[in-house]
Structure formats: structure tokens, C-alpha cells
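Per-entry structural report
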Amino acid sequence: MTETILQVPYGTRDVLPGEASARRQMEDKICSLFALWGYDEVATPTFEYLDTFAGMGQPGAGAFKFFDRKDNILMLRTDMTTPIARMVATRMRKDESVKRLSYRAQLFRYEEAQAGRQCEFTQCGIEMMGAAGAAADAEVIALAVSTLMEAGLKDFNITLGHMEFINGLIEAATLTEEQAKDIKHCLIRRNAAGLENVVEAAKIPEQLALIFKELLFLHGGIALLEDMQKRVLSRRCWNALENLREIYELAKAYGVERYLSFDLGLTRSLDYYTGMLFEGYAAGMGYSLIGGGRYDNMMQRFGKPCPATGFALGIDRIALTLERQGKQFVEQPETLFIAYGEGKTAEGIRAACALRKDGKRVKLADRAMTETEMQQAVQENHYSTWKYIG
Ligand SMILES: N[C@@H](Cc1c[nH]c[nH+]1)C(=O)O
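Residues numbered from 1 in each chain as written. Predicted model: local features only at pLDDT ≥ 70, side-chain atom pairs only at ≥ 80, totals over all residues. Heavy atoms only, no water.

**Considering the sheet that holds strand 15 (residues 385-389)**
Filter applied, for reference: Here, any two strands with at least 2 DSSP bridges between them count as paired. Secondary structure counts use DSSP, requiring at least four H or I residues in a row for a helix and at least two E residues in a row for a strand, with both numbered from the N terminus. Interaxial angles span 0 to 180 degrees and are taken between N-to-C directions of axes, which are lines fitted to C-alpha atoms, for helices over the stretch in contact. Whether two residues touch is decided by their heavy atoms; if any such pair falls within 4.5 Å, the residues are in contact.
What the 3 strands build is an open sheet, ordered 14-13-15; its pairing is parallel. At either margin of the open sheet sits one strand with a lone partner, and together these are strand 14 (362-364) and strand 15. The average undirected angle you get between the axes of adjacent strands in this sheet is 20°. With 5 bridges joining them, strand 13 (residues 336-340) and strand 15 adopt parallel strand pairing. The residue bridging Ile338 from the neighbouring strand is Lys387, located in strand 15. Along the sheet face, helix 14 (residues 371-381) touches strand 13 and strand 15 and points at about 160° away from the line of strand 15.

Structure representation (C-alpha cells):
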């Protein structure tokens, strides 16, 4: 026997009975919530041409790539936002209305696997395409909060940032493309020392340099936006802060503001964001459970320029968080066990069929058995109810 025959590939895992159905139920609840908010479910292929993902700075080294018979390079999708943008720009090209779309999908990224980060993972998410204003972003954020609540999480926080704030600072400091890239890299890795080095080397005017150095620590409530509006001189940065304020005001109408705070140094490793962006964290968990934002430039790559905003949440991470927060994340459904004695197999089958028709979950014995054997099976399998046809 070869060594790998009994193993699953690196970064993947089996989901066993109980957990698989509990996950499915959670996904169903989340998808029903998306439907309630007017989002229509869509599906795209599990793999795409590499070209579809290229050019957005993705997929980088993280994609599983392979060839078709014509030597085209394909890749397992690393993200759902890009395929949905492709789909809308091609299959829904003529439709100018605002689109609200939702999905649940398996995604694949070559990652250093650890708890909550696997190479194959499940996302549920939504994309709103064709809406440019703060109201669309507020809806997306409010739905993100509702989704985390629907999933059963209580103690969580959503941090909001804005790409235009960061890009505005970079523009005001007249940084080279390379320097801008280095700064964003440090922000993604939350590397304050590295950021300071880049800023020192770039010879940025003092007042601006100070904001860059503070960027990773600019956390706070709504007052932070007002403070920063007084400090920044760039119109672009000021507008970004104003946009965040507007989104926050609308989020209040949804009653979700207590879950929101600001992190003006927030960036995401997906580099298509152009406006507000956000991540959601639960207490004690070191990674984001949900993330998203505005990406107004993506659709134009597919020939149909249009503003867009959305988010996705990681089902595996949510499941792990619930488990760590002490919630039982394994479903144990009520099951009726039907056993039958010698010569009573057909009767057993008929009884099981009738009960299933009434919506009962029934496990039927796989052979005739004595009552004592049935008692043993009941104990071993923890059946809550049983019936013997003797
Ligand atoms: N696709 C992003 C989430 C997102 C959806 N829309 C915008 N952003 C992710 O995988 O994190």
C-alpha cells in the first residue's frame, strides 16, 4: 500500500456525520437570510481559466493550477467575487438593473494549513452589482452583521476601513509605485516596524509621515473619523472619511452600529478593493470570519464597467469559532430505530416506509435480530426511540 492511500491531501479534511449536517444547516440558514434580503442564488464553475483571475493581482502563488486537453491553463477558484463579475459581465450583460446575488461555494487556496485555514474551504457570500452609493455599502455591512448573528455568533465586531483613505495618503506623499506596494504589503501583514522603515526611506513630509506611521493604530469609533478629517489635508482622504461617516449613519438605521468600529489602516490581501472595506472578528479568534468591501474597477476588466460591493464569510471559521465559544456544533437528530425478528423483514420495511412518509427519521435494522440484540444496538448507537416488530 502506498503511503498516501489513507491520507487526505495537504490542507483538506473529511467532515464526519453530525458535523456535516450541522454545517449544512448553518449554510441553509445563512442562504435563507440572503434570500430574505432579496439576493438571488447563483453558481459558477469550480474552475476557471487562469486569465479570468489574472490581472487583479490574484491568484498569485496561491492557486491550484492545471491544464485542459488544449493546454489552456485552468485554476480552481480562489474567490467567488471574480467569477461572479465575469458571469454578470457576460451572461447578464444586457441587464442594467442593480443585481443582488448570493452563493455558497467551495474555494481553493494554497495556504499554510492551520486550524481555521485550509486549502479547501467553504464560503457563503453576496455581491451587489450596479449600486454606487453609501446606501449599498450600508446594506452590505448590515447584512454581514445579520449573517453573523444568524450563524449563532454573539461576541463579534466589524472593523471598517477605506482604500481611498490609504490611496489618498499615498497620492499626497507622491510615493513611487514600488513604495506604495511596500506600504500596502506592510499594512496587510500589520508590520508596524516595516511600515516605519518604508516611510523613513521615502522621505515623506513630516505631518504625513506621522499619519503613515500611526496607520496601523488608527482604531476607534465615529469620533476617530472627525479627528482625522481635521488632520488630513488631502481631499481624497477627507472624502473617504466622509463616505465612511455616511455609511455609518445609514448603518444606524439598521440598528447595527454597536457592532462597528473603524480601522483606518485596514487592507485586505485581495487587491481589488476601491472604497470601504471591512472584516469581522469574534473575541479570541485570530482571524477574520467575514470580509468584503467595494470593488468598483473589477467589472470594467470584463468589459462592463459597473460599481460593486459585497462580502463573504468562511463557514469553516464560523464553525470553529462556535465550537470554541462552547456551542455544540454537531447535530444529533432524533432517530427512530426499527428492528424486526426472523421472517418479519418485509413488515419492517413497510413500517419504516410508512413512518418516513410521515416525516420521521428512521433507521431500519439491516438484518433480523432478537429483542436483546436490538437493545444492544440501541445502546451502541444512542438511539433515542425504537420499535420492535416481532
Ligand atoms: N471575495 C472576498 C469577499 C468579497 C465579496 N465581495 C467583495 N469582497 C473574499 O474572499 O474575502
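There is more to say after this.
**What about the pattern of salt bridges?**
Any two side chains of opposite charge can pair if their charged atoms end up close together. The test is simple: The working definition used for a salt bridge is a side-chain nitrogen of Lys or Arg within 4 Å of a carboxyl oxygen of Asp or Glu. To sort residues, take the accessible area from a 1.4 Å probe on protein chains only and compare it with the maximum for the residue type: under 20% means buried, over 50% means exposed, and anything in between is partly exposed.
Under the criterion given, the structure shown has 22 salt bridges. Here Arg24 and Glu27 are joined by a salt bridge, their closest N and O atoms 3.6 Å apart. With Arg24 and Glu27 both in helix 1 (residues 19-36) and 3 residues apart, the pair spans about one turn of that helix. The exposure class assigned to Arg24 is partly exposed, which follows from its relative accessible area of 46%. Owing to a relative accessible area of 6%, Glu27 belongs among the buried residues under this scheme. Shared partners join several salt bridges into a network, and the residues in it are Arg24, Glu27, Asp28 and Arg104.

**Overview of the nonpolar core**
Heads up, the rule is: As used in this record, nonpolar core signifies buried Ala, Val, Leu, Ile, Met, Phe, Trp, Tyr and Cys residues forming a set joined through side-chain atoms within 4.5 Å.
If you look at the biggest cluster of nonpolar residues, it comprises 79 residues, and the most contacted ones within it are Phe165 and Phe212. Among the elements that line this core, the one with the most residues is helix 4 (residues 134-150), at 10 residues. Val42, Met163, Tyr295 and Met299 belong to the second-largest nonpolar core, a separate cluster that totals 26 residues.

**Some words on helix 5 (residues 163-172)**
For helix 5, a buried count of 7 out of 10 residues is recorded, marking the element as mostly surrounded by other parts of the structure. Residues Met163, Phe165, Ile166, Asn167, Gly168, Leu169 and Ile170 constitute the buried set of helix 5. Considering only its buried residues, helix 5 is in contact with strand 7 (156-162), helix 6 (177-189), helix 8 (206-214), helix 9 (222-231), helix 10 (235-253) and strand 10 (276-282). Phi turns positive one or two residues past the end of helix 5, at Thr174, with a value near 40°.

**Observations regarding the pairing of strand 6 (residues 120-129)**
Counting buried positions along strand 6 yields 9 of 10 residues, so the element is predominantly enclosed. Here strand 6 pairs with strand 12 (residues 308-314) via 7 bridges, running antiparallel. By the bridge assignment, Ile126 is partnered in strand 12 with Phe311.

**Regarding the site of the ligand**
Rule in force here: The near set for a molecule or strand comprises every residue that places at least one heavy atom within 4 Å of it. Whenever two N or O atoms come within 3.5 Å, that pair is a polar contact, provided that in protein one can donate a hydrogen and the other can accept it, and provided that, for residues adjacent in sequence, both atoms are side-chain atoms. All accessibility values rest on the Shrake-Rupley procedure with a 1.4 Å probe; residue burial counts only the protein chains present in the view. Ten residue types, Ala, Val, Leu, Ile, Met, Phe, Trp, Tyr, Cys and Pro, are classed as nonpolar, four, Asp, Glu, Lys and Arg, as charged, and the remainder, Gly among them, as polar.
Close contacts around the ligand come from 16 residues, with Asp79, Thr81, Glu127, Tyr272 and Tyr273 the closest. Within the backbone of Gly310, one N or O atom sits 3.4 Å away from a nitrogen atom of the ligand. For the ligand, whose free accessible area comes to 300 Å², the fraction covered by protein is 98%. Counting residues per element, the ones that place at least two in the shell around the ligand are strand 6, strand 11 (290-294) and strand 12. Its residues placed into classes, the shell around the ligand shows 6 nonpolar, 6 polar and 4 charged.

**Some words on the UniProt feature "binding site: L-histidine" (unreviewed entry) in the protein**
Note the threshold: UniProt positions are given in the numbering used here, feature names are shortened, and annotations may be inferred rather than shown by experiment.
The UniProt record marks Asp79, Met80, Thr81, Arg109, Gln123, Glu127, Arg268, Tyr272 and Tyr273 with the feature "binding site: L-histidine" (unreviewed entry), using the residue numbering of this structure. Checked against the element boundaries, Arg268 lands in the loop between strand 9 (260-263) and strand 10. Leaving out residues up to four positions away in the same chain, Arg268 has contacts with Ile188, Tyr273, Leu277, Phe278, Glu279, Ser288, Gly291 and Gly292. Looking at the element boundaries, Tyr273 is found in the loop between strand 9 and strand 10. Once residues lying within four places of it in the same chain are set aside, the contact partners of Tyr273 are Met163, Arg268, Gly292, Gly293, Arg294 and Tyr295. Within polar-contact distance, the side chain of Tyr273 engages the side chain of Arg268 at 3.0 Å.

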